[in-house]
Each structure stands twice: as C-alpha cells, then as structure tokens.
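# Examining the three-dimensional arrangement
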Amino acid sequence: MKTGLVLEGGALRTVFSTGVCDAMLAADIMPEYFIGVSAGIAYGVSYLSRQPRRNLDILTHYADDPRYMGMKNLLDHNNQSYFGLEFTYDTIPNQLIPFDYDTFAAYPGQVEAVVTNLETGKPEYKEVPRRDDKFELLQATCAMPLLFPIYHLDGKPYLDGGASDPVPYQRAFDMGCDQVMVVLTKPRSFVRKPEKLLPVMRKRYKDYPNFLHTMEHRHEQDRACRERLFQLEKEGRALVIAPETLLGVSRTERDTEKLRLLWGEGYQQAVERMEEIRAFFAR
C-alpha cells in the first residue's frame, strides 16, 4: 500500500508537527508521498532532508529576532511581509542553519506544496523544487493574506495554500495513496470561525473576487474538511495526530520556551504512538 504524509499549516504552531516528524525521523520512517501546506511544507522539508531538530533550532534561536518576524518587516517596502523574507528564506538556510539540499534531492518520493490561485480562488498543487536556494514556492505557500505580498509563479498570483485547502489529504489520495497520516496543528475540538478580517481583505484583494469568495466560506470548508478526515480515521484510511493543547502558542509566538514545549508535545505523542505509526506505514 502507498502511504502519504500530510502536514497542516499553522505558522509557528507547526513546531508541533516538527516534533512528530523528528520522532519519525529517529525511527527512520519516511512516506512515499509528502504534501504540506504553508508552514507544514516549509518546515517539512527539513524532515525530508533528514535534519532532526533543525526547525526547533531555527525557532528557538530566531523566533524573537526582529529580523525573523515583526511589524518593521511588514512596513518595509522592499519586504512587505511580517516575516523577514531574505533572512528567513536565504540567510538562515544558506548561512546560519544550513539546509541539506543534497539529502533533500535524494529523497525518492514526491513532494508537493499547496498554493491558492487568487484568480480562481482554488488550490493548486506544485512539485517542490529540490534545489531552489530562495525557496520561492515555500514562500508562496506560507503567504498568509495581509501579512505577505502576493507571489507570482509562472505569471499567476498566489497566496497561502491554507486559504483554499487547509489539510490537503484528498490530494494525497488523488495522487495514488491508499492511506494517509495527517498531522494537525490544532486540537481535534477546533472549529474555525468566520474570517474577522474579511472587510480589510475585500479592500486589499478587490481585484480577486474568487479569492474573496474562498475566504468568505473558508470556515465552512475547514469544518467539512476536518469532519471528513475524522471519518476516514474511523475507517482506518487515515492516522491522525493532533495537539491536545496549543499551550498558549500563537501563530507568531516569540516565547521560545513555549515553542520548545509544543515541539515536545508533538515528539512525545509520536513516540507513544510509534508502534501504531510503524504498523500503519508497514501495511
């Protein structure tokens, strides 16, 4: 059976997922197909490059560094993002905490990221380049509305994939997976509410009515997505790991101790369920 691994986004809360992946890496468990959305894939490539705790190192060293994130970056005309784009996607992986491009390139499976096409409002799934030292696709999939600039890939405008496909497990099935392991970044009880910033988005993205329609109904899609996922779990086609609590961690958390604890929750959950995870991947 072909097994896929799916990682939800969630900005810095995705440190939980990296804990899960680090435990799987220690157990030498790799999927045949990997897809992530937003920080799910941005952090996930370190798992595929077999660099344990790399994401934890990045966050504990730089989450409270203004070069990494902060309003000054958003107000910088040359940056236009809450995150320092050059620092995050160039300086860190190419100088400070190097990314292992060779090992990532050697991963034999398929790796995809989700982006949202602003013109259609629909998700698109793109193969992650193995040697893009600027991580352009990963920037696009992480591009949270209002906090990032619009990215143009092959002449088309894109933002965060989580806007249109928050947990892309169906894509994994469409790509031939018989079963999927899904790592969520929100507790099972989470229920998304209607977008509070929709009035601001209507002004910012007035040229993209289909995208605005997607954002208007995002909470409904998210609820249906999770409901279907939990049904697949009952059927034995999905294995789901989710945090029991977010430990007060926000999407732009600066408290490195909180981030370390949330990573630890993910790692511990995976360790406790490792026999189940091994059996799932060995089917």
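Below you will find a few notes about this structure.

Throughout the structure, instances matching the rule amount to twelve salt bridges. Where D65 meets R67, a salt bridge forms, and the shortest distance between an N and an O atom there is 2.7 Å. Across the salt bridge formed by K134 and D90, the nearest N and O atoms sit 2.7 Å from each other. You can see K134 sitting in the loop between β4 (123-127) and α7 (136-141) and its partner D90 sitting in helix α5 (residues 85-96), a full 44 residues away along the chain. Residue classification places K134 among the partly exposed positions, given a relative accessible area of 44%.

Looking now at helix α3 (residues 54-62). Judged by how many residues are buried, α3 sits mostly within the fold: seven of nine residues are covered. Within α3, burial applies to R54, N55, L56, I58, L59, T60 and Y62. The inward-facing, buried residues of α3 abut α1 (15-26), α2 (39-48), α5 and α12 (256-272).

Right, let's talk about the packing of α3 against α5 for a bit. At a closest axis distance of 12 Å, the pairing of α3 and α5 adopts a crossing angle of 115°. With respect to each other, α3 and α5 are oriented roughly perpendicular. The handedness of the crossing between α3 and α5 comes out as right-handed. Contacts between α3 and α5 pair R54, I58 and Y62 from the former with F87, I92, P93 and L96 from the latter. Counted by class, the contact of α3 with α5 contains six nonpolar, no polar and one charged residues.

Taken N-terminus to C-terminus, the directions of α1 and α12 make an angle of 40°; their axes are 7 Å apart at the nearest point. Considering their axes alone, α1 and α12 lie oblique with respect to each other. With respect to the hand of their crossing, α1 and α12 are arranged in right-handed fashion. Residues V15, F16, T18, G19, V20, D22, A23 and A26 of α1 lie in contact with α12, whose contacting residues are L259, L262, W263, E265, G266, Y267, Q269, A270 and V271. The class makeup of the residues in the contact of α1 with α12 is eleven nonpolar, four polar and two charged.

Attention now moves to the nonpolar core. Core analysis: the biggest nonpolar cluster contains 77 residues, and Y68, M181 and I277 have the highest contact counts within it. Apart from the residues within four sequence positions on either side, I277 is in contact with M24, I29, M181, L239, I241 and A270. Membership of the second largest hydrophobic core comes to 20 residues, among which are Y169, A172, V180 and A238.

Of note, the phi angle at L146 is positive, near 75°, even though the residue is not glycine. Topologically, L146 is positioned in the loop between α7 and β5 (151-153). Given a relative accessible area of 23%, L146 falls into the partly exposed group.

The tally for this structure, following the rule as stated, stands at twelve aromatic pairs. Relative to F135, the ring of Y101 has its centre 5.9 Å away and its plane inclined at 20°; by these criteria the two rings are stacked. Here F135 lies in the loop between β4 and α7 and Y101 lies in helix α6 (residues 101-106), a separation of 34 residues in the sequence. Summarising the burial analysis for this pair, Y101 and F135 share the class buried. Here a set of aromatic residues connected by ring pairs shows up, and it is made of Y68, Y82, F83 and F148. Over the ring of F173 we find R237; its NZ or CZ atom is 4.4 Å from the centre of that ring.

Rules used in this analysis
Residues numbered from 1 in each chain as written. Predicted model: local features only at pLDDT ≥ 70, side-chain atom pairs only at ≥ 80, totals over all residues. Heavy atoms only, no water. Salt bridge = Lys/Arg side-chain N within 4 Å of Asp/Glu carboxyl O. Helix = DSSP H or I, 4+ residues; strand = E, 2+ residues; numbered from the N terminus. Buried < 20%, exposed > 50% of the residue type's maximum accessible area, 1.4 Å probe, protein only. Contact = heavy atoms within 4.5 Å. Axes fitted to C-alpha atoms, helices over the stretch in contact; angles between N-to-C directions. Parallel < 35°, antiparallel > 145°, perpendicular 65-115°, else oblique. Left-handed = near helix turned anticlockwise from the far one by under 90°. Nonpolar A, V, L, I, M, F, W, Y, C, P; charged D, E, K, R; others polar. Core = buried A, V, L, I, M, F, W, Y, C linked by side-chain atoms within 4.5 Å. Phe/Tyr/Trp six-rings, centres within 6.5 Å; stacked < 30°, edge-to-face > 60°. Lys NZ or Arg CZ within 6 Å of the ring centre and 35° of its normal.

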